[in-house]
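Report on the structure
For reference, the chains in residue letters:
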Amino acid sequence: MTTKIGILLSGRGSNFLALHGAMERGDVPAHIALVVSNVAEAAGLEKARALRLPTVCIPHRLEPSREAHEAKVLEALRHAGVEWVCLAGYMRLLSASFIAEYPQRILNIHPALLPSFPGLEGQAQAVEYGVKVSGCTVHLVDEGLDSGSIIVQHVVPLRDGDTAESLSARILAEEHKAYPEALNLLLTQRWNIVGRRVVYS
Ligand code: GAR
C-alpha cells in the first residue's frame, strides 16, 4: 500500500491535479486519501469529485474559531488515515498544534524562491521588485509564514515586460513538476533535518 496523502486546497487545484497525475503514473509512491477544502466553491474540490476521490468541505467561516476549524480538518484527516498532508493553494495559516499532529509531514508549495517574497502574491512581489529570476519552492511547513525547510526549488527567469500574470503562468508550469518531485524525494529517501537543512543519507 502506498502512502496516504491528504490534500488541503482553497482554489483552482492545479497542483493537486499534478500530484494526483504523478501518483497515478506511479512516479510518486502515494495516493490521495482525502481532499479537504475550506471553500465550498473551490474549483479544486469539483475536480476531486470528478475524479471520484474522497472529498470534504469544511468552511472556516462556519466555525467559531481557528482551533475549532482545525479540529474538524484534523478529525477528517485522521478518519481517512492520512499520513502526509500536502497544501495545494491552501490559503490559511496552520497553527502550531495542527502542525504537531503531522511533524515534518506537511508540505507546501510557494510561487517564489523562498526566503524571497513569502506570503501572498509571490509572483507580483517578484515583478515589482525587479528580480531577474524567481520560481517556486516546495518546503516543509513550520509555524512561520513560508519558513520551513526547503525541499525543492525550480528557477524561472523573468522576461522584459513580464506581468504578475505572465510570470505566474510560467511558475505554475514548474510548480507542477516540483511538487511531485519533492514529495517523491521525501517518501523514497532517508533524510533528517540538521538545523534548517534537509540532509539525505
Ligand atoms: C499556486 O501558485 C501556489 O503556489 C500558490 O497558490 C497557487 C494555487 O494554485 N500558493 C500560495 O501562494 C501559498 N502561499 P492551484 O490551486 O492551481 O494549485
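Higher on the page you've got the structure.
Attention in this report is confined to the structure presented alongside it. These numbers were taken from a predicted model, which means no experiment stands behind them.

1. Quick word on the site of the ligand
- The immediate surroundings of the ligand are formed by R12, G13, S14, N15, G89, M91, I109, H110, P111, G119, Q123 and E175.
- Separating an oxygen atom of the ligand from a side-chain N or O atom of R12 is a distance of 2.6 Å.
- Contacts to the ligand include N15, whose backbone N or O atom sits 2.9 Å from an oxygen atom.
- Starting from 450 Å² of accessible surface for the ligand in isolation, the protein chains cover 89%.
- Partitioning the shell around the ligand into residue classes produces three nonpolar, seven polar and two charged.

2. Details of the packing of helix α1 (residues 14–24) against helix α6 (residues 164–188)
- Orientation of α1 relative to α6, taken along the N-to-C sense of each, is 50°, at an axis distance of 9 Å. Here α6 runs oblique to α1, going by the angle between their axes. In this structure, the crossing between α1 and α6 has a hand that is right-handed. Here S14, N15, A18, L19, A22 and M23 of α1 lie close against α6, whose contacting residues are L172, E175, H176, Y179, P180 and L183.
- Looking at the contact of α1 with α6 residue by residue, the classes come out as eight nonpolar, three polar and one charged.

3. As for the sheet that holds strand β1 (residues 3–9)
- Spatially, seven strands are ordered β3-β2-β1-β4-β5-β6-β7 in an open sheet, and the strand pairing comes out mixed. Strands with a single pairing partner mark the edges of an open sheet, and in this sheet they are β3 (55–57) and β7 (150–157). Direction aside, the axes of adjacent strands within the sheet are offset by 20° on average.

4. Focus on the environment of C57
- Tracing the backbone shows C57 in strand β3.
- You can call C57 partly exposed: its relative accessible area is 27%.
- Sequence separation between C57 and S97 is 40 residues, and the spatial gap between their C-alpha atoms is 21 Å.
- Every residue in contact with C57, bar those within four places of it in the chain, is listed here: S37, V39, A40 and L45.

5. Thoughts on the state of the cysteines
- In the structure shown here, the tally under the stated rule is zero disulfides.
- Free of any disulfide, C86 has its nearest cysteine sulfur in C136, 14 Å distant.
- A relative accessible area of 0% means that C136 is categorised as buried.

6. Digging into the pattern of salt bridges
- Per the stated rule, a full pass over the model turns up six salt bridges.
- The partner of R25 in a salt bridge is D27, with the nearest N and O atoms 3.2 Å apart.
- With a shortest N-O distance of 2.9 Å, E174 and K177 are connected by a salt bridge. You can see E174 and its partner K177 sitting in helix α6, three residues apart, about one turn around the helix.

7. Regarding the nonpolar core
- The biggest cluster of nonpolar side chains holds 39 residues, and the ones touching the most others in it are I7, F16, L107 and L183.
- It is α6 that provides the largest number of residues to this core, a total of seven residues.
- Setting aside its immediate chain neighbours within four residues, L183 contacts I5, L19, M23, V28, W84, C86 and L107.

About the criteria used
- Residues numbered from 1 in each chain as written.
- Predicted model: local features only at pLDDT ≥ 70, side-chain atom pairs only at ≥ 80, totals over all residues.
- Heavy atoms only, no water.
- Near = heavy atom within 4 Å.
- Polar contact = N/O pair within 3.5 Å; in protein donor to acceptor, adjacent residues only side chain to side chain.
- Areas by Shrake-Rupley, 256 points an atom, 1.4 Å probe, with all protein chains shown as cover.
- Nonpolar A, V, L, I, M, F, W, Y, C, P; charged D, E, K, R; others polar.
- Axes fitted to C-alpha atoms, helices over the stretch in contact; angles between N-to-C directions.
- Helix = DSSP H or I, 4+ residues; strand = E, 2+ residues; numbered from the N terminus.
- Parallel < 35°, antiparallel > 145°, perpendicular 65-115°, else oblique.
- Left-handed = near helix turned anticlockwise from the far one by under 90°.
- Contact = heavy atoms within 4.5 Å.
- Pairing = 2+ DSSP bridges.
- Buried < 20%, exposed > 50% of the residue type's maximum accessible area, 1.4 Å probe, protein only.
- Disulfide = S-S within 2.5 Å.
- Salt bridge = Lys/Arg side-chain N within 4 Å of Asp/Glu carboxyl O.
- Core = buried A, V, L, I, M, F, W, Y, C linked by side-chain atoms within 4.5 Å.

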